Amino acid sequence: STLPVKDTIDKLEKTVIEKGFKVFARIDHAAGAKSVNQELRPTKLLIFGNPAGGTPLIQANQAMGLTLPLKVLAWQDESGKVWIGYDSMADLLAIRGLPRDHPAAAKTDGALDAMITAASQ
């Protein structure tokens, strides 16, 4: 990302909401580290999803409830560069024994890529 971690996650959250997703939580890992007198570079997690899209996957395999909702992490590396990452839906489906080529995989990964691109500039 060309933006700081906080700004990246703020922009991603705004984009996610505009696209009709529901934000379930934001986790500030650096704040958690600070609360136990430890240090961590800026690291924030956004948890969000679309129950209309996620529910059929959980119906197909209820263990998908461990995997969903979606999670995107923004973090600052040791050189100060900000990164955004997520696990691909194809990988997540495979972990739960669902086919990697499930229609949700390409659709979800495409949506995530577009939202992350928008949030990182």
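Located above this text is the structure these notes cover.
Residues numbered from 1 in each chain as written. Predicted model: local features only at pLDDT ≥ 70, side-chain atom pairs only at ≥ 80, totals over all residues. Heavy atoms only, no water.

## A look at the overall build of the chain
Looking only at helices and strands, the chain features six helices and four strands. Against the compact-globule benchmark of 14 Å for 121 residues, the chain has a radius of gyration of 15 Å, which places it among compact chains. Taken along the three principal axes of its C-alpha coordinates, the chain extends 40 × 30 × 25 Å. For the chain, the residues scored as buried account for 36% of the 121 residues in total. If you sum the accessible surface of the chain, you get close to 7,000 Å²; carbon and sulfur atoms cover 55% of it. Treating the 14 positive side-chain charges of the chain as one cloud and the 13 negative ones as another, the clouds have centres 5 Å apart. (Helix = DSSP H or I, 4+ residues; strand = E, 2+ residues; numbered from the N terminus. Rg over C-alpha atoms; globule rule 2.2 N^0.38 Å. Buried < 20%, exposed > 50% of the residue type's maximum accessible area, 1.4 Å probe, protein only. Areas by Shrake-Rupley, 256 points an atom, 1.4 Å probe, with all protein chains shown as cover. Lys, Arg positive; Asp, Glu negative; His and termini not counted. Charge placed at Lys NZ, Arg CZ, Asp CG, Glu CD.)

## Observations regarding the environment of proline 56
One can find proline 56 in helix α3 (residues 51–60). The class of proline 56 is partly exposed, set by a relative accessible area of 42%. Between the alpha carbons of proline 56 and lysine 81 there is a distance of 37 Å; along the sequence they are 25 residues apart.

## Here we look at the environment of histidine 29
With respect to the helices, strands and loops of the structure, histidine 29 is situated in helix α2 (residues 29–35). Sequence separation between histidine 29 and leucine 45 is 16 residues, and the spatial gap between their C-alpha atoms is 7.6 Å. Residues in contact with histidine 29, not counting those within four places in the same chain, are Leu40, Thr43, Leu45 and Leu73. (Contact = heavy atoms within 4.5 Å.)

## What about the pairing of strand β3 (residues 70–76)?
Pairing analysis gives six bridges linking strand β2 (residues 43–49) to β3, with the strands arranged antiparallel. Counterpart to threonine 43 in the pairing with β3 is tryptophan 75. The pairing of β3 with strand β4 (residues 82–85) spans four bridges and is antiparallel. When the sheet's bridge partners are listed, glutamine 76 is paired in β4 with valine 82. Count of turn residues in the β3/β4 antiparallel hairpin: five residues, of which glycine 80 carries a positive phi of about 95°. (Pairing = 2+ DSSP bridges.)

## A few points about the layout of surface pockets
Approximately 400 Å³ is the volume attributed to the largest pocket. Listing elements by their share of the lining of the largest pocket, those giving two or more residues are β2, α3 and α6 (103–119). For the lining of the largest pocket, the element with the most residues is α3, which contributes six residues. A class-by-class count of the residues in the lining of the largest pocket yields 13 nonpolar, six polar and one charged. Of the pockets and cavities examined, the second largest pocket occupies roughly 160 Å³. Contributing to the lining of the second largest pocket are Leu45, Leu66, Thr67, Leu70, Lys71, Val72, Leu73, Gly85, Tyr86, Asp87, Leu92 and Leu112. When residues of the lining of the second largest pocket are traced back to their parent elements, those giving at least two are α4 (64–67) and β3. It is β3 that contributes the most residues to the lining of the second largest pocket, four residues altogether. Tallied by class, the residues present in the lining of the second largest pocket amount to eight nonpolar, two polar and two charged. (1 Å grid on protein atoms, 1.4 Å probe; cavity = no way out; pocket = protein on both sides within 12 Å on 5 of 7 lines; lining within 4 Å. Points joined across faces, edges and corners; volume = space filled by probe spheres on them. Nonpolar A, V, L, I, M, F, W, Y, C, P; charged D, E, K, R; others polar.)

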